[in-house]
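# Summary of the model geometry
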Amino acid sequence: MRIGIPKEVKVHEGRVPLIPPAVSELVRNGHEVFIQSGAGSASGYPDEHYRQAGAQIVPDAAALYGSAQLLLKVKEPIPAEYGLLRKDHVLFSYLHLAATPKLAQVLVERGLTAVAFETVEANGKLPLLAPMSDIAGRLAVHIGTTLLHSPAGGRGVMLGGLPSTERGHVVILGAGVAGGNAAAVAAALGARVTVFAPRREELERMHALGPNVTALPSYAPLIAQAVCSADLLIGAVLIPGAKAPKLVTAAMVRRMQPGSVIIDISVDQGGCIETTRPTDYDHPTYVQDGVVHFGVTNMPGAVPRTASQALSTVLTPYVLHLATEGGLNDPVLAKGVNVAGGKIVHPAVAAALAG
């Protein structure tokens, strides 16, 4: 199969789906790989590394899209790329269509097949979303720590505290991969951490992180009480393919301390905090009701080398499988198909867009 990797064009998005050793594996299996010049540069992989791996370097996006059958992207196509999509393309990428109805409409109109990384499901897990959720969860605490500094508009709180001072309070909604990693980093810093999750096994895992972690069920009154005292509120709720439920209302946000910080990792799926809206790394934050909000939709793009290595590792076996004849019929990959034959075919995505 002819596999194409375009250069990402979203603001400050330097990730690349496959690093050169993974490309070499595809070539070894008989596939042609085309990569747009500069696609790996921000991750530290120049064109020459891909050329040595057996890829063909193409000069621009038009040549790349024109050469490929299977398109591998990190982030979803943006309007500048819509005209390059064809009916015979198979697009394999993070898509988050529940929160981007315009893109969903374009993909339907193009009549192509679109497979979303975030809805590929194996044994009840989301293997292609997990590494980016891992990074986003860790980054949420790193970024939140900085945004709490007074020069950044924050409360001037040091999360771990010091002898004779209070510890900062981190409230985390969700204990999956993103929320769990956020909790682990916040706990290691010495913060007072409160994690909300719906299942007892998740609560047990969070409680075991340390004596400074409290794990509670996701009851609305308990969330409202904790949010009021949060220095850093992290949203990390996910329902595969669907819009994130709104667990924190605007009224709750208004009761937060001025200079506290909200980071909503769920923003790709619409956000789980009512006052969240998408931002980018050019303008990552805004202030509403005195609270600093961070809603960047491609958080792992801040660490493209680490993120590209992590994504490439989990993605390569699925690309090899998808590129074989009948690969789309594999039950795991079939769950990832969001659009096919001019229709939205993933039930959760269809329901979210209909609603």
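Anything mentioned here points back to the structure above.
Residues numbered from 1 in each chain as written. Predicted model: local features only at pLDDT ≥ 70, side-chain atom pairs only at ≥ 80, totals over all residues. Heavy atoms only, no water.

### Focus on the overall build of the chain
The helix and strand tally for the chain stands at 13 helices and 15 strands. At 21 Å, the chain has a C-alpha radius of gyration in line with the 20 Å of a compact globule built from 355 residues. Taking contacts inside the chain between residues at least 6 apart in sequence as the whole, the part at least 24 apart equals 64%. As displayed, the chain offers around 14600 Å² of accessible surface, 56% of which is attributable to carbon and sulfur atoms. Computed over 28 positive and 27 negative side-chain charges, the separation of the two mean positions in the chain equals 3 Å. (Helix = DSSP H or I, 4+ residues; strand = E, 2+ residues; numbered from the N terminus. Rg over C-alpha atoms; globule rule 2.2 N^0.38 Å. Contact = heavy atoms within 4.5 Å. Areas by Shrake-Rupley, 256 points an atom, 1.4 Å probe, with all protein chains shown as cover. Lys, Arg positive; Asp, Glu negative; His and termini not counted. Charge placed at Lys NZ, Arg CZ, Asp CG, Glu CD.)

### Regarding the side chain of T279
Locating T279 in the fold gives a position in the loop between β11 (261–264) and β12 (285–288). Within polar-contact distance, the side chain of T279 engages the backbone oxygen of P284 at 2.8 Å. Those residues in contact with T279 that sit more than four places away from it in its chain are P284, Y286, F294, G295, V296 and T297. (Polar contact = N/O pair within 3.5 Å; in protein donor to acceptor, adjacent residues only side chain to side chain.)

### Examining helix α1 (residues 20–28)
Residues spaced three or four apart along an α-helix face the same direction, because each turn holds 3.6 residues. P20, A22, V23 and L26 are the residues of α1 that are buried. Down the axis of α1, the buried set is contained in an arc of 155°. They therefore lie on one face. Opposite its buried face, α1 presents the exposed residues P21 and R28, each directed more than 90 degrees away. Those residues of α1 that are buried are in contact with β1 (2–5), β2 (32–36), α2 (47–52) and α11 (304–322). Immediately downstream of α1, the backbone of G30 shows phi near 95°, a positive value. (Buried < 20%, exposed > 50% of the residue type's maximum accessible area, 1.4 Å probe, protein only. Arc of directions from axis to C-beta.)

### Considerations on the packing of aromatic side chains
All told, the structure shown has three aromatic pairs when counted by the stated rule. Judged by centre distance (4.8 Å) and plane angle (80°), the ring pair of F92 and F117 falls under edge-to-face. Residue F92 is found in strand β5 (residues 90–93), and its partner F117 is found in the loop between β6 (113–116) and α6 (130–147); the two are separated by 25 residues along the sequence. Across the pair, exposure class does not vary: F92 and F117 are buried alike. Stacked on the ring of Y286, the Lys or Arg R277 has its end atom at 3.7 Å from the ring centre. In this structure, R305 packs its charged tip against the face of Y45, placed 4.6 Å from the ring centre. (Phe/Tyr/Trp six-rings, centres within 6.5 Å; stacked < 30°, edge-to-face > 60°. Lys NZ or Arg CZ within 6 Å of the ring centre and 35° of its normal.)

### Describing the sheet that holds strand β14 (residues 337–340)
Judged by pairing direction, the sheet is mixed, and its eight strands sit side by side in the order β3-β2-β1-β4-β5-β6-β14-β15 without closing on themselves. Across the chains shown, the open sheet's two edge strands, defined by having one partner strand only, are β3 (56–58) and β15 (343–344). As paired strands, β1 and β2 are joined by four bridges and run parallel to one another. Among the inter-strand pairings, G4 is bridged to a residue of β2, identified as F34. (Pairing = 2+ DSSP bridges.)

### Some words on unusual backbone geometry
The phi torsion at H12 lies on the positive side, around 55°, for a residue other than glycine. In this fold, H12 is placed in the loop between β1 and α1. Owing to a relative accessible area of 47%, H12 belongs among the partly exposed residues under this scheme. Its identity is not glycine, yet S164 carries a phi of approximately 85°, on the positive side. Structurally, S164 can be placed in the loop between α6 and β7 (169–173). By relative accessible area, which is 82% here, S164 ends up exposed.

### Focus: the packing of α6 against helix α7 (residues 177–189)
A pair of packed helices is characterised by two quantities: the angle between their axes and the separation of those axes. At a minimum axis separation of 7 Å, α6 and α7 run at an interaxial angle of 35°. The handedness of the crossing between α6 and α7 comes out as right-handed. Here α6 contributes A130, S133, D134, G137, R138, V141, H142 and T145 to the contact with α7, which in turn contributes V177, A178, N181, A182, V185, A186 and L189. Its residues placed into classes, the contact of α6 with α7 shows eight nonpolar, five polar and two charged. (Axes fitted to C-alpha atoms, helices over the stretch in contact; angles between N-to-C directions. Left-handed = near helix turned anticlockwise from the far one by under 90°. Nonpolar A, V, L, I, M, F, W, Y, C, P; charged D, E, K, R; others polar.)

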